Amino acid sequence: MPLPSEYMKLVKAVIGVVAIVNPLGAIPVFLSLAESKSRNERSRIARVAAIAVGVILILSAWIGEFILAFFGITISALRIGGGLLIVLMSIDMLHSRMSGARHTDEEAAEAQGKEDIAVVPLAIPLMAGPGAISLVIVNAHQAGTWEGRLLFTLGIAVVSIIVWAVLHLADPLGRALGVTGLNIATRIMGLLLAAIGVQFIVMGLLKLFPGLA
């Protein structure tokens, strides 16, 4: 049986994933790209995008380390690289602007002409982008045991449900929170991500250079 402390680690990991996926921050993009879609079509897009986010992150949790090992990349190196990326993304979130790591202007323009926006660009790279994938791989590694990794997988499934709920309620949430409310939520998540990114960098450096401790 997992100890209460392990459950707390799981909760912290899931909160971190929710913060970097940032479904609230995806609301303006979703509403813009799905403006001409019917209510049923928007519901379908929300459902497919949520499933895609879950599949991408669960696959990252289970096979991410094997891919890194194939290329000779250590978890410590990923911690440093992923931490830098997360910090850069968090800075953009603190300024309430879209990070280029999530969604560029060129991608936004291309998405306007797409019939189906659920997987690209909504799921990837907007929500399950490089930062989220890096975070999930590191958290899966920290889970250690198969049991811990299974629990983390359930946590990712919860994140997927949250994504679906937020996108499904994008219209009322967008009206209720407004631009200011969405920006405040994004800044709070950005602050949390900044701390996670710095922690990743520190842990990676200490592992690669034990003499720094």
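The structure under discussion appears in the preceding block.
Residues numbered from 1 in each chain as written. Predicted model: local features only at pLDDT ≥ 70, side-chain atom pairs only at ≥ 80, totals over all residues. Heavy atoms only, no water.

Enquirer: Whenever I open this one, the side chain of Ser60 confuses me. Can you help?
Expert: For Ser60, the location among the structural elements is in helix α3 (residues 39-70). A relative accessible area of 9% places Ser60 in the buried class. One polar contact links the side chain of Ser60 to the main-chain carbonyl oxygen of Ile56, over a distance of 2.8 Å. Not counting the four nearest positions on each side in its chain, Ser60 is found in contact with Ile133, Val136 and Ile137. (Helix = DSSP H or I, 4+ residues; strand = E, 2+ residues; numbered from the N terminus. Buried < 20%, exposed > 50% of the residue type's maximum accessible area, 1.4 Å probe, protein only. Polar contact = N/O pair within 3.5 Å; in protein donor to acceptor, adjacent residues only side chain to side chain. Contact = heavy atoms within 4.5 Å.)

Enquirer: How should the environment of Ala19 be read in this particular structure?
Expert: Within the secondary structure layout, Ala19 lies in helix α1 (residues 4-21). Ala19 sits in the buried class, given a relative accessible area of 2%. Separated by 69 residues in sequence, Ala19 and Leu88 have C-alpha atoms that sit 14 Å apart.

Enquirer: Any chance you could explain the packing of aromatic side chains here in plain terms?
Expert: For any pair of aromatic rings, the description consists of the separation of the ring centres together with the inter-plane angle of the planes. All chains considered together, the criterion is met by 2 aromatic pairs. Pairing Trp62 with Trp146 gives two aromatic rings, centres 5.4 Å apart and planes at 25°, and the pair type is stacked. With Trp62 in helix α3 and Trp146 in helix α8 (residues 146-168), this pair connects stretches of sequence that are 84 residues apart. The exposure class assigned to Trp62 is partly exposed, which follows from its relative accessible area of 22%. Taken together, a centroid distance of 5.1 Å and an interplanar angle of 90° make the contact between Phe70 and Phe71 edge-to-face. Given the relative accessible area of 59%, Phe71 is considered exposed. In this structure, Arg149 is placed above the aromatic ring of Trp62, and the distance from its NZ or CZ to the ring centre is 5.9 Å. (Phe/Tyr/Trp six-rings, centres within 6.5 Å; stacked < 30°, edge-to-face > 60°. Lys NZ or Arg CZ within 6 Å of the ring centre and 35° of its normal.)

Enquirer: Hey, could you run me through the nonpolar core in this one?
Expert: One finds Val17, Ile20, Val21, Leu57, Met127, Phe152 and Val163 to be the most contacted residues of the largest nonpolar core, which totals 56 residues. Residue assignment for this core shows that the elements contributing at least two residues are α1, α2 (23-33), α3, α4 (75-94), α6 (118-127), α7 (130-143), α8 and α9 (170-208). If you tally residues by element for this core, the top one is α3, at 10 residues. (Core = buried A, V, L, I, M, F, W, Y, C linked by side-chain atoms within 4.5 Å.)

Enquirer: Just checking my understanding: could you explain the pattern of salt bridges for this structure?
Expert: Side chains bearing opposite charge may pair, as long as their charged atoms lie close to each other. Under the definition given, this model contains 4 salt bridges. The salt bridge involving Glu41 is made with Arg44; its shortest N-O contact spans 3.0 Å. Taken together, the residues span about one helical turn, with Glu41 and Arg44 both in helix α3 at a distance of 3 residues. Measuring nitrogen to oxygen at the nearest pair gives 2.9 Å for the salt bridge that ties Arg149 to Glu65. Here Arg149, found in helix α8, pairs with Glu65, found in helix α3; they are 84 residues apart in sequence, far enough to count as distant. (Salt bridge = Lys/Arg side-chain N within 4 Å of Asp/Glu carboxyl O.)

Enquirer: Teacher, can you tell me more about α4 here?
Expert: Side chains that are three or four residues apart share a direction in an α-helix, a result of its 3.6 residues per turn. Relative to the 28 Å expected for 20 residues at 1.5 Å per residue, α4 spans 27 Å between its end C-alpha atoms, a close match to the ideal helical length. Of the residues trailing α4, Ser96 is marked for its positive phi of about 55°. (Expected span 1.5 Å × (residues − 1).)

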